[in-house]
Amino acid sequence: MEKIRLGISTCLLGENVRYDGGHKLDRFFTDTLGQYVQYVPVCPEVECGLGVPRESMHLEGDPDSPRLITSRTNRDMTECMVRWAKRCVVEIGEEDLCGFIFKSDSPSCGMERVKVYNEKGMPVKKGVGIFAKIFMEHFLLLPVEDEGRLHDPKLRENFIERIFALKRWRGVLGKKANRGNVVDFHTKHKLLILSHSPRHYQMMGKLISQAKDLPLKELYRQYQTFLMESMQLKTTTRKNANVLQHMMRYFKEQLSSDEKQELLEVIDHYRKEYIPFIVPMTLINHFVRKYDQPYLKQQVYLNPHPLELQLRNHV
Ligand code: SF4
C-alpha cells in the first residue's frame, strides 16, 4: 500500500514553529507511524502570517465562539486566523488526506477542551482551536485526533484503524466505478464494521443487498457515509468479544472440543480484560490458517493495520 497522507500540526514533527521557537516532537508519529504515513504539515499560526518567535495567544469570551487574543498586547487575531483557515481547508481538500493529527490544548490547533478565558480571566476547558474547528466542520467525517488523546492505546488503535480503512476505500474510489468493487470491499470489511457498529453492519448489509437497484453514484455516496460513520464509533472489549464469538461459528464443524474450549476461555479472559486483544486474535488467526476458512481469511479485521505498530498488544 502506498503511504497514507495525513495532515498534522507542524510542531509535532519537531519543527521549531511554536511561539517560543520550540517544538513538540512526538517520536511515535515521526519514527513509528511515519513509516506508513506521508505527513502534510500545517502550522496555522505561522502560515497565517505570524512569525517565530511570536507573542503567545489564548482563547477568550464565549466558549462556543471564542476570540483568539494575544496574551500580552491583547490584539484580536481571530479574523486573520479565520480568513486563512477557510482558504487552507479548501486548498488542503486537494491533498487526499485520510485524517489529521492536531496538537492538543492549542488555541489554534486544539480539537477539544482548550482553555477559554472569561472576562474575569478564569479558564474553562470547553474550547476548540480556531483552525481545528474550521477544519472539522469542513471535513465532517474525516478521522481526526489530537496527540494527547493518541497516548491512549484504545483511541490510538481506533484512529489508526480508521485511517487505514479510509485509505483502502480511497483505493476503491481510484478504480473504475462498479458495484462489484463496492461489494468486494464490503465483504472484506464486514467484521471490522461489526466491531465498530452492529447497527451500521446491518444498514450496510441492506445497502449492499440493494446495490443493483441504486444508481452507482448513490451507492458509492451512501456506502462511504456509512463506512465513515461506523468507523467513527469506537470498538470496545464487549463489541470485539462478540465479533470473536461470531467468528467462532465459522469453525463449528472443524474445531476439536479442546480447541473450542481453549478459544472460549481466551475470549472470556479477554472480555474480563485479563489479557490484551492480541491474544484472542493470534489464536483466531492460527485457526483461520490451520483450517483455511475461506470467508474469515479474507477479513481485514484479522489484520487491519501493520502488526509492527503493536496496536493490539495494548488494548
Ligand atoms: S500548535 Fe499549531 S499553531 Fe501552535 S505551533 Fe503547533 S502547529 Fe503551530
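What counts and how
- Sequence order as written defines residue numbering, which begins from 1 separately in each chain.
- Given that this is a predicted model, residues contribute local features only at a pLDDT of at least 70 and side-chain atom pairs are listed and counted only at 80 or more, while totals for whole chains, interfaces and linings are drawn from all residues.
- Where side-chain values are given, they derive from all heavy atoms of the structure, hydrogens and water being excluded.
- A side-chain nitrogen of Lys or Arg and a carboxyl oxygen of Asp or Glu constitute a salt bridge if their distance falls within 4 Å.
- Think of it in three bands: with a 1.4 Å probe and only protein chains considered, a residue is buried below 20% of the maximum accessible area for its type, exposed above 50%, and partly exposed in between.
- Each helix corresponds to a stretch of at least 4 residues labelled H or I by DSSP, and each strand to a stretch of at least 2 residues labelled E; elements are numbered beginning at the N terminus.
- Being near a molecule or strand, for a residue, comes down to having at least one heavy atom within 4 Å of it.
- Buriedness of a pocket was judged along seven lines, with at least five required to meet protein on both sides within 12 Å; pockets are open sets of points on a 1 Å grid over the protein atoms alone, cavities are sets where a 1.4 Å probe fits but cannot get out, and lining residues have an atom within 4 Å of a point.
- Think of it this way: a molecule belongs to a cavity or pocket when more than half its atoms come within 2 Å of the grid points there.
- Polarity classes work like this: nonpolar for Ala, Val, Leu, Ile, Met, Phe, Trp, Tyr, Cys and Pro, charged for Asp, Glu, Lys and Arg, and polar for all others, with Gly in that last group.
- By convention a nonpolar core is built from buried Ala, Val, Leu, Ile, Met, Phe, Trp, Tyr and Cys residues, the set being connected through side-chain atoms within 4.5 Å.
- Whether two residues touch is decided by their heavy atoms; if any such pair falls within 4.5 Å, the residues are in contact.
- Pairs of strands are assigned from DSSP output, requiring at least two bridges between the strands.
- Axis geometry follows a simple rule: fit a line to the C-alpha atoms, using only the stretch in contact for helices, then measure angles between N-to-C directions, giving values from 0 to 180 degrees.
- Given a helix with a known number of residues, its expected span is that number minus one, times 1.5 Å.
- Oblique is the label for any angle not covered by the other classes, which are roughly parallel (under 35 degrees), roughly antiparallel (over 145) and roughly perpendicular (65 to 115).
- Here a crossing is called left-handed whenever its near helix is offset anticlockwise from the far helix by less than a right angle, and right-handed whenever the offset is clockwise.
- For Phe, Tyr and Trp, rings pair up if their centres lie within 6.5 Å, where Trp contributes its six-membered ring, and each pair is then called stacked (planes under 30 degrees apart), edge-to-face (over 60) or tilted (otherwise).
- A ring has a charge above it when a Lys NZ or an Arg CZ is no more than 6 Å from the ring centre and no more than 35 degrees off the ring normal.

Visitor: When you look at the pattern of salt bridges in this model, what are you seeing that I'm missing?
Guide: Opposite charge on two side chains lets them pair, provided their charged atoms get close. In this structure the tally under the stated criterion is 18 salt bridges. Across the pair Glu 145 and Arg 149 runs a salt bridge whose closest N-O atoms are separated by 2.5 Å. Taking relative accessible area as the criterion, Arg 149 reaches 23% and is therefore assigned partly exposed. Across the pair Lys 188 and Asp 184 runs a salt bridge whose closest N-O atoms are separated by 3.1 Å. Pair noted here: Lys 188 and Asp 184 are both in helix α6 (residues 179-196), with a separation of 4 residues, about one helical turn. Within this structure, Arg 67, Asp 76 and Glu 79 form a network of salt bridges that share partners.

Visitor: Looking at this structure, I do not really get the site of the ligand. What am I missing?
Guide: Contacts to the ligand come from 13 residues, most closely from Cys 11, Cys 43, Glu 45, Lys 103 and Cys 109. Because more than half of its atoms lie within 2 Å of the grid, the ligand is assigned to the largest pocket. The residue makeup of the shell around the ligand, split by class, is 6 nonpolar, 3 polar and 4 charged.

Visitor: Would you take a moment to explain the nonpolar core for this structure?
Guide: One recurring pattern in soluble globular proteins: nonpolar side chains tend to sit buried together. Core analysis: the biggest nonpolar cluster contains 96 residues, and Leu 33, Ile 101, Phe 131, Phe 135 and Tyr 223 have the highest contact counts within it. Per element, the largest residue contribution to this core is 8 residues, and it comes from helix α5 (residues 153-173). In contact with Leu 33, other than residues within four places in its own chain, are Leu 6, Phe 28, Tyr 39, Ile 101, Ile 160 and Leu 309.

Visitor: What's the story with the sheet that holds strand β4 (residues 67-70) in this structure? I'm lost.
Guide: Each strand in a sheet pairs with its neighbour through backbone hydrogen bonds, running either in the same direction (parallel) or in the opposite one (antiparallel). Within the open sheet, the 4 strands sit side by side as β4-β3-β6-β7. Their pairing is mixed. Only two strands of the sheet have a single neighbouring strand rather than two, namely β4 and β7 (123-127). Between one strand axis and the next, the sheet turns by 55° as a mean value, whatever way the strands run. Looking at chain direction, strand β3 (residues 57-60) and strand β6 (residues 114-117) are connected through 2 bridges and run parallel. Within β6, the position partnered with Glu 60 by the bridge is Tyr 117.

Visitor: Mind showing me how you'd approach helix α3 (residues 78-92) here?
Guide: For an α-helix, 3.6 residues make a turn, and residues three or four places apart therefore share a direction. The end-to-end C-alpha distance of α3, which contains 15 residues, comes to 20 Å, matching closely the 21 Å that a straight helix rising 1.5 Å per residue would cover. Considered for burial, the residues of α3 that qualify are Thr 78, Met 81, Val 82, Trp 84, Ala 85, Cys 88, Val 89 and Ile 92.

Visitor: Looking at this model, I keep getting lost on the packing of α6 against helix α8 (residues 216-232). Mind explaining?
Guide: A pair of packed helices can be characterised by two numbers: the angle between their axes and the separation between those axes. One way to put it is that α6 packs onto α8 with a least axis distance of 11 Å and a crossing angle of 20°. What the angle tells us is that α6 and α8 run roughly parallel. Between α6 and α8 the crossing geometry is left-handed. Taken together, the residues of α8 that come into contact with α6 (itself represented by Arg 179, Asn 181, Val 182, Phe 185, His 186, Leu 192, Ile 193 and His 196) are Leu 216, Leu 219, Tyr 220, Tyr 223, Leu 227, Ser 230 and Met 231. Looking at the contact of α6 with α8 residue by residue, the class counts come to 10 nonpolar, 4 polar and 1 charged.

Visitor: Teacher, can you tell me more about the pairing of β4 here?
Guide: One face of the sheet, then the other: side chains in a regular strand alternate in exactly this way. Two strands pair when backbone bridges link them, and β3 and β4 are joined in this way by 4 bridges, in the antiparallel orientation. For Glu 60, the partnering residue across the bridge sits in β4 and is Arg 67. The turn linking β3 back onto β4 is made up of 6 residues, and Gly 61 within it adopts a positive phi angle of 100°.

Visitor: Explain the packing of aromatic side chains to me, please; I cannot follow it from the model alone.
Guide: Remark: the centre distance and the inter-plane angle together describe each pair of aromatic rings, the angle taken between the planes. The final tally for this structure, using the stated rule, is 20 aromatic pairs. Taken together through their ring pairs, the aromatic side chains of Trp 84, Phe 100, Phe 102, Phe 131, Phe 135 and Phe 139 make up a single cluster. Here the basic side chain of Arg 312 rests over the ring of Tyr 301, its NZ or CZ set 5.2 Å away from the ring centre.

Visitor: Please explain the packing of α6 against helix α9 (residues 237-248) as it appears in this structure.
Guide: Across the interface, α6 lies against α9 with an axial gap of 8 Å and an inter-helix angle of 145°. Handedness of the crossing formed by α6 with α9: right-handed. Contacts between α6 and α9 involve Leu 191, Leu 194, Ser 195 and His 196 from the former and Lys 239, Asn 240, Val 243, His 246 and Met 247 from the latter. Each residue belonging to the contact of α6 with α9 can be placed in one class, and the counts come to 4 nonpolar, 4 polar and 1 charged.

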